[in-house]
Amino acid sequence: QKEVEQNSGPLSVPEGAIASLNCTYSDRVSQSFFWYRQYSGKSPELIMSIYSNGDKEDGRFTAQLNKASQYVSLLIRDSQPSDSATYLCASRGYQKVTFGTGTKLQVIP
Amino acid sequence: GAVVSQHPSWVICKSGTSVKIECRSLDFQATTMFWYRQFPKQSLMLMATSNEGSKATYEQGVEKDKFLINHASLTLSTLTVTSAHPEDSSFYICSARAPGQGSTDTQYFGPGTRLTVL
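Okay, so let's go over this structure.

Cut-offs applied
Residues numbered from 1 in each chain as written. Chains lettered and ligands numbered in written order. Predicted model: local features only at pLDDT ≥ 70, side-chain atom pairs only at ≥ 80, totals over all residues. Heavy atoms only, no water. Helix = DSSP H or I, 4+ residues; strand = E, 2+ residues; numbered from the N terminus. Rg over C-alpha atoms; globule rule 2.2 N^0.38 Å. Contact = heavy atoms within 4.5 Å. Areas by Shrake-Rupley, 256 points an atom, 1.4 Å probe, with all protein chains shown as cover. Lys, Arg positive; Asp, Glu negative; His and termini not counted. Charge placed at Lys NZ, Arg CZ, Asp CG, Glu CD. Patch = residues over 30% accessible without salt bridge, like charges linked within 9 Å, V, L, I, M, F, W, Y side chains within 5 Å. Salt bridge = Lys/Arg side-chain N within 4 Å of Asp/Glu carboxyl O. Core = buried A, V, L, I, M, F, W, Y, C linked by side-chain atoms within 4.5 Å. Buried < 20%, exposed > 50% of the residue type's maximum accessible area, 1.4 Å probe, protein only. Pairing = 2+ DSSP bridges. Axes fitted to C-alpha atoms, helices over the stretch in contact; angles between N-to-C directions. Buried area = accessible area lost by both parts, 1.4 Å probe. Polar contact = N/O pair within 3.5 Å; in protein donor to acceptor, adjacent residues only side chain to side chain. Nonpolar A, V, L, I, M, F, W, Y, C, P; charged D, E, K, R; others polar. Phe/Tyr/Trp six-rings, centres within 6.5 Å; stacked < 30°, edge-to-face > 60°. Lys NZ or Arg CZ within 6 Å of the ring centre and 35° of its normal.

Moving on: the overall build of chain B. A tally of helices and strands in chain B yields zero helices and 11 strands. For chain B, the succession of helices and strands along the chain, N to C, is β-β-β-β-β-β-β-β-β-β-β. Here the C-alpha atoms of chain B give a radius of gyration of 14 Å, agreeing with the 13 Å that 2.2 N^0.38 yields for 118 residues. Taken along the three principal axes of its C-alpha coordinates, chain B extends 45 × 25 × 20 Å. For chain B, the proportion of contacts with a sequence separation of at least 24, taken over those separated by at least 6, is 54%. As presented, chain B carries roughly 5900 Å² of accessible surface, and 52% of it is formed by carbon and sulfur atoms. Here chain B carries 10 positive and 9 negative side-chain charges, and the mean point of each set is 5 Å from the other.

Below is the structure:
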């Protein structure tokens, strides 16, 4: 089992819709979770970090964490074509951050 | 967020030569930096963890003698690809851990270095 699992996609949503990206992790001691956005040919860019159960909102982005279910999600409201990218989920365990393989999001104009 | 720079942003070299890539944290001190490699359409692969003032910790399968890492100061880590070959052509990305309270420290990525070995 991979430490951080994501559906590779692509996930296609129409412009203006809500995009929902999901991630599960296996290391129960993980305390910090991150969502990164990576455009093709570029390095990852941090979008959100979340440490506590529940929701955390930042603009059009909402991260959700459920430690009991070992589940992290990212919601993107009012999706824009510029949101089209690969989204990487990451969890921080004892010593290092582990990344998922990423979900490719396509926002259709 | 914190800023991490990498230099050069791209490099083309001949097979057998060595290439040095620099990673700098510009507005914070990073006791720990990480080096990743990413092949086209694949995920990030952690190569090594670089700790200031000590030897780097390499991931399984990464050759220490081929990928030399030096973390001489709290703001600079370097990766040297020695005797580069075409199969080393990849996108090399560094990240630096910005300190936070407890477990809230966060990794910020540099812009990456695209290496092409002819």
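Let us now look at a nonpolar patch on the surface. Taken together, the side chains of Trp 10, Ile 12 and Leu 118 of chain B make up a nonpolar region of the molecular surface, amounting to roughly 390 Å² of accessible area. With respect to the helices, strands and loops of the structure, Leu 118 of chain B is situated in the segment after strand 11 (113-117).

Attention now moves to the nonpolar core. Inside soluble globular proteins, nonpolar side chains tend to come together where they are buried. One finds Phe 67 and Leu 115 of chain B to be the most contacted residues of the largest nonpolar core, which totals 27 residues. For this core, the elements supplying multiple residues, two or more each, are strand 2 (10-13), strand 3 (19-25), strand 4 (32-38), strand 5 (45-51), strand 7 (67-73), strand 8 (76-81), strand 9 (90-98) and strand 11 of chain B. Here this core takes four residues from strand 9 of chain B, the largest share from any one element. In contact with Leu 115 of chain B, not counting residues within four places along its chain, are Val 11, Cys 13, Val 19, Val 81, Asp 88, Ser 89, Ser 90 and Tyr 92 of chain B. Within the second largest apolar cluster, 22 residues are counted, among which are Val 13, Phe 33, Met 48 and Leu 105 of chain A.

Residues and elements named next belong to chain B. The four strands are arranged 1-3-8-7 in an open sheet whose pairing can be described as antiparallel. In this open sheet, the two strands that pair with only one neighbour each are strand 1 (4-7) and strand 7. Averaged over all adjacent pairs, the angle separating strand axes in this sheet is 15°, with direction ignored. Taken together, the five bridges between strand 7 and strand 8 define a ladder with antiparallel strand orientation. The residue bridging Asn 70 from the neighbouring strand is Thr 78, located in strand 8.

A few words on the interface of chain B and chain A. Frequently, the measure chosen for interface size is the accessible area that the parts lose on association. Each partner contributes residues to the interface: chain B has 20 residues there, and chain A has 19 residues. Between chain B and chain A lies a buried interface of about 1500 Å² when both sides are counted; carbon and sulfur atoms form 52% of it. The tally of links between chain B and chain A comes to zero salt bridges. Taken together, the links from chain B to chain A amount to four residue pairs in polar contact (both at pLDDT 80 or more). Sorting the residues of the side of chain B that touches chain A by element identifies strand 4, strand 9 and strand 10 (106-109) of chain B as the ones contributing at least two each. Per-element tally for the side of chain B that touches chain A: the top contributor is strand 10 of chain B, with four residues. Class assignment for the residues of the side of chain B that touches chain A results in eight nonpolar, eight polar and four charged.

Evaluated as defined, the whole model comprises nine aromatic pairs over all chains. With 6.4 Å between their ring centres and 85° between their planes, Phe 34 of chain A and Tyr 51 of chain A make a pair best called edge-to-face. With Phe 34 of chain A in strand 4 (residues 32-38) and Tyr 51 of chain A in the loop between strand 5 (45-50) and strand 6 (54-58), this pair connects stretches of sequence that are 17 residues apart. On the basis of relative accessible area, Tyr 51 of chain A is assigned to the partly exposed category, the value being 22%. Taken together, a centroid distance of 5.2 Å and an interplanar angle of 85° make the contact between Tyr 36 of chain A and Phe 109 of chain B edge-to-face. With Tyr 36 of chain A in strand 4 and Phe 109 of chain B in strand 10, this pair bridges two chains. The class of Tyr 36 of chain A is buried, set by a relative accessible area of 1%. Phe 109 of chain B gets classed as buried once you look at its relative accessible area, which sits at 10%. Grouping aromatic residues by their ring pairs yields a cluster made of Phe 34, Tyr 36, Tyr 51 and Phe 99 of chain A together with Tyr 36 and Phe 109 of chain B. Here the basic side chain of Lys 66 of chain B rests over the ring of Phe 67 of chain B, its NZ or CZ set 6.0 Å away from the ring centre.

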